[in-house]
Amino acid sequence: MANTKTEDEINLFEREMKEFWTKFKSIYGTEQINQTLALRDSCKESIKALSEKWSKKLKEGDMMIDKIQEYSDEILQQSQRISENQEHLTEIKSNLNQEEEQKQALTDSIQELKEELMKKKEIISSKNKAAKERVERLCKSKVLFEERLGLEIRRIHDEQLQFIFRHIDHKDPDKPFVFTLSINEQGDYEVTSCIPPLDCIAEFQLKVRETNNFSAFVANIRKAFTALSYK
């Protein structure tokens, strides 16, 4: 557009020069006309050179503007990519933070479970220790019970003790009267079987849990078997 404007101005200038030359020719002589023509040609050459120079400058300016616009578009695209990358990095950081929180929560849960398991192990170990101590005390009393009550004590499966009374039935002294005893998960005495069955066995079991008087418990069961033998 700038080039077109420059060419129009040149054409207008040439027309004005022709009109001036026509008027000038009618007034001045040949020599002066030749001098004027030379001056005119020199002006035309100068104008042409100047026109070509400015035309070239304008083209270079247009190319520079296009280049600047191209650089601007490229910078804008790079800015958009940087913005997108920043958003992506922010999202990744947020996900990493969430994963770290989940990892910490999982670690805390595992630690709580470990502590709870350790407590349960300690409780179970304590109960097992107490149960073994009771069984050992019962075994130590075996000789005393056998001598005084005609009692035989056997250790059977699952850490249970079997109590066998004899010399109860006067008609059949060798007839066995048997009950089986264990220590349950709560650490209490529990009668798991009784032959022949006694209606009062639950009462005796409750009483020994309350008093922890095991000798009285065994003696009461023997008395109940003896009473049953006379029926």
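So, how was this worked out
Residues numbered from 1 in each chain as written. Predicted model: local features only at pLDDT ≥ 70, side-chain atom pairs only at ≥ 80, totals over all residues. Heavy atoms only, no water. UniProt positions renumbered as here; feature names shortened; annotations may be inferred. Pairing = 2+ DSSP bridges. Helix = DSSP H or I, 4+ residues; strand = E, 2+ residues; numbered from the N terminus. Axes fitted to C-alpha atoms, helices over the stretch in contact; angles between N-to-C directions. pLDDT = per-residue confidence, 0-100. Patch = residues over 30% accessible without salt bridge, like charges linked within 9 Å, V, L, I, M, F, W, Y side chains within 5 Å. Areas by Shrake-Rupley, 256 points an atom, 1.4 Å probe, with all protein chains shown as cover. Salt bridge = Lys/Arg side-chain N within 4 Å of Asp/Glu carboxyl O. Lys, Arg positive; Asp, Glu negative; His and termini not counted. Charge placed at Lys NZ, Arg CZ, Asp CG, Glu CD. Buried < 20%, exposed > 50% of the residue type's maximum accessible area, 1.4 Å probe, protein only. Core = buried A, V, L, I, M, F, W, Y, C linked by side-chain atoms within 4.5 Å. Contact = heavy atoms within 4.5 Å.

As recorded in an unreviewed UniProt entry, the chain goes by Kinetochore protein SPC25 and comes from Balearica regulorum gibbericeps. The record held by UniProt for the chain lists under Sequence similarities (unreviewed entry) the comment "Belongs to the SPC25 family." In its Subunit (unreviewed entry) section, the UniProt entry covering the chain states "Component of the NDC80 complex, which is composed of ndc80, cdca1, spbc24 and spbc25. The NDC80 complex interacts with mis12 and zwint."

Student: For this particular structure, what's the right way to read the sheet that holds strand S2 (residues 160–165)?
Tutor: Remark on secondary structure: sheet strands pair via backbone hydrogen bonds, oriented parallel or antiparallel. As summarised here, the arrangement of the 4 strands in space is S1-S2-S3-S4, forming an open sheet in which the pairing is antiparallel. Lying at the two open borders of the sheet, with one neighbouring strand each, are strand S1 (151–156) and strand S4 (189–195). Going from strand to strand, the sheet's axes swing by 20 degrees on average, the running direction of each strand aside. Here S2 runs beside strand S3 (residues 177–183); their pairing, made up of 5 bridges, is antiparallel. Of the residues in S3, the one forming a bridge with Gln162 is Thr180.

Student: What exactly am I supposed to notice about the confidence of the model for the chain here?
Tutor: Parts of the model with low pLDDT should not have their predicted coordinates read in detail. Mean pLDDT over the chain works out to 82, with 84% of the residues at or above the 70 mark. Mean pLDDT per element in the chain: helix H3 (residues 142–149) is the minimum at 66, and helix H4 (residues 201–211) is the maximum at 96.

Student: Explain a negative patch on the surface to me, please; I cannot follow it from the model alone.
Tutor: A cluster of acidic residues, Asp62, Asp66, Glu70, Asp73 and Glu74, forms a negative patch on the protein surface. Of note, Glu74 is situated in helix H2 (residues 30–140). Exposure remark for Glu74: the relative accessible area of 37% places this residue in the partly exposed category.

Student: Is there a simple way to explain the nonpolar core in this structure?
Tutor: Soluble globular proteins: nonpolar side chains tend toward being buried together. Counting residues in each nonpolar core, the largest one holds 22 residues, and the members touching the most others are Phe163, Phe165, Phe179, Phe217, Ile221 and Phe225. Elements with a minimum of two residues in this core: S1, S2, S3, S4, H4 and helix H5 (214–229). When residues of this core are assigned to their parent elements, the largest contribution, 6 residues, is made by H5. Not counting chain neighbours up to four residues away, the residues in contact with Phe179 comprise Leu161, Gln162, Phe163, Phe165, Val191, Ser193, Cys194, Phe217, Ile221 and Phe225.

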